[in-house]
Structures are given as C-alpha cells and as structure tokens.
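Here's the letter readout for the chains.
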Amino acid sequence: MRRVLEMGKPIIYWTLLNFKEWKMYLAATTKGLCYVGSQNGDYEELVAWAGKRFSGSSLVEDKEKLQVYVDEIIEYLEGERMSFSIPFDYNGTEFQLAVWSALCEIPYGETRVYSDIAKLIERPAAVRAVGAAIGANPILITVPCHRVVGKNGKLTGYRGGLEMKTRLLELEQKDRDQGE
C-alpha cells in the first residue's frame with residue numbers, strides 16, 4: 001500500500017477512533033493529520049469534507065498508518081497529554097492559517113474569546129472573520145478551537161457540536177483542577 005499519489009492527488013488515509021464514549025473519524029495524508037471529525041459523526045461527514053478540501057483524492061482506510069494520531073488523541077482524552085507532537089497537514093488561506101496557529105497558543109484548560117484571537121493575529125477588527133476561520137478548522141481537538149468562547153463566556157458554535165465542546169472543556173478543566 002505504498003501509493004502516495006493517485007493522478008497527482010494525495011491519498012487520504014482514514015480510520016475510526018472508537019475509545020470509551022468517544023467515536024470520531026480521523027484522516028491524514030503522508031504529511032500529517034488533516035481531519036478530525038465530530039463526536040459520533042458519520043463516515044459521510046468525512047467524505048463530504050474530503051470532497052471539498054481534497055477533491056479527486058482517494059479515501060483509503062488504514063488503521064496502522066493512523067495509529068500514531070489515534071494514540072496521541074487517546075492520550076489527550078485520558079488526560080495524559082496537553083499538547084500534540086504529531087504533524088499536521090491543513091490547508092487554508094493565509095488568514096485561516098494565522099488563526100489556527102493562534103489557537104494552538106491557547107494554554108490547555110484555558111479559554112479565549114474571539115476578539116483575543118483577532119488581536120493576537122493583529123487583526124482586531126476581524127472578529128467575525130476569526131469566527132469563520134475557527135469554524136473551518138479541519139482538525140478538531142488538536143488545533144483547540146474548542147477553547148474559544150463568546151465574549152460573555154458562553155459556549156458558541158463548534159463544528160463538532162456544543163456537546164463535544166462542553167465535554168472537551170470539562171475534561172481540560174478537570175485535569176487542571178487535579179493538577180493544582
């Protein structure tokens with residue numbers, strides 16, 4: 001299974017992470033993790049995403065190739081990992097990449113508001129655009145968009161759903177509280 005390119009398009013390898021009450025699809029190219037699906041999302045969610053972001057690429061199930069990504073996400077879900085060392089392969093506009101990079105600077109167990117991210121990327125008036133870029137984040141959990149909340153502290157939209165966002169924030173808060 002050494003095929004890397006098919007007609008110039010990268011192959012998207014995928015697997016289903018099924019750990020305790022967590023179930024989500026993961027996908028990677030040979031460059032790194034490129035997709036983390038919604039909690040209890042279906043295969044069609046992955047197919048639709050791949051069709052938009054990697055049009056014409058083949059989807060190939062390969063649990064072995066994705067194991068390193070599965071392992072790190074499980075370590076996170078177990079409270080044993082606060083940041084990720086796995087490579088990412090996300091594609092976006094220069095603005096989206098700046099926002100996603102800023103999200104990775106939010107410390108584990110803490111939250112920020114959209115305007116904080118806009119200021120961090122030196123675009124303080126671009127709060128709505130920051131929200132759109134966060135919503136386009138293809139690799140949930142690993143690029144921690146769940147750590148961004150509304151200005152009033154309330155949870156706002158999340159591609160994985162508000163239940164998933166709530167669970168991730170509770171997991172991080174519990175781990176932080178135990179560490180103090």
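Residues numbered from 1 in each chain as written. Predicted model: local features only at pLDDT ≥ 70, side-chain atom pairs only at ≥ 80, totals over all residues. Heavy atoms only, no water.

Peer 1: Would you explain the UniProt feature "domain: Methylguanine DNA methyltransferase ribonuclease-like" (unreviewed entry) in the protein in this entry?
Peer 2: As recorded in UniProt, the feature "domain: Methylguanine DNA methyltransferase ribonuclease-like" (unreviewed entry) lies at residues 12-90. In the segment residues 12-90, helix accounts for 33% and strand for 28%; the C-alpha atoms at its two ends are 12 Å apart. (UniProt positions renumbered as here; feature names shortened; annotations may be inferred. Helix = DSSP H or I, 4+ residues; strand = E, 2+ residues; numbered from the N terminus.)

Peer 1: Would you explain the environment of T111 in this entry?
Peer 2: Tracing the backbone shows T111 in the loop between α3 (94-103) and β7 (112-113). T111 sits in the partly exposed class, given a relative accessible area of 38%. Residues T111 and E78 lie 33 residues apart in sequence; the distance between their C-alpha atoms is 20 Å. Residue contacts for T111: discarding those within four places in its chain leaves I106, R147, V149 and L169. (Buried < 20%, exposed > 50% of the residue type's maximum accessible area, 1.4 Å probe, protein only. Contact = heavy atoms within 4.5 Å.)

Peer 1: Any chance you could explain the side chain of Q39 here in plain terms?
Peer 2: Structurally, Q39 can be placed in the loop between β5 (33-36) and α1 (43-53). Of the residues examined, Q39 reaches a relative accessible area of 12% and is grouped as buried.

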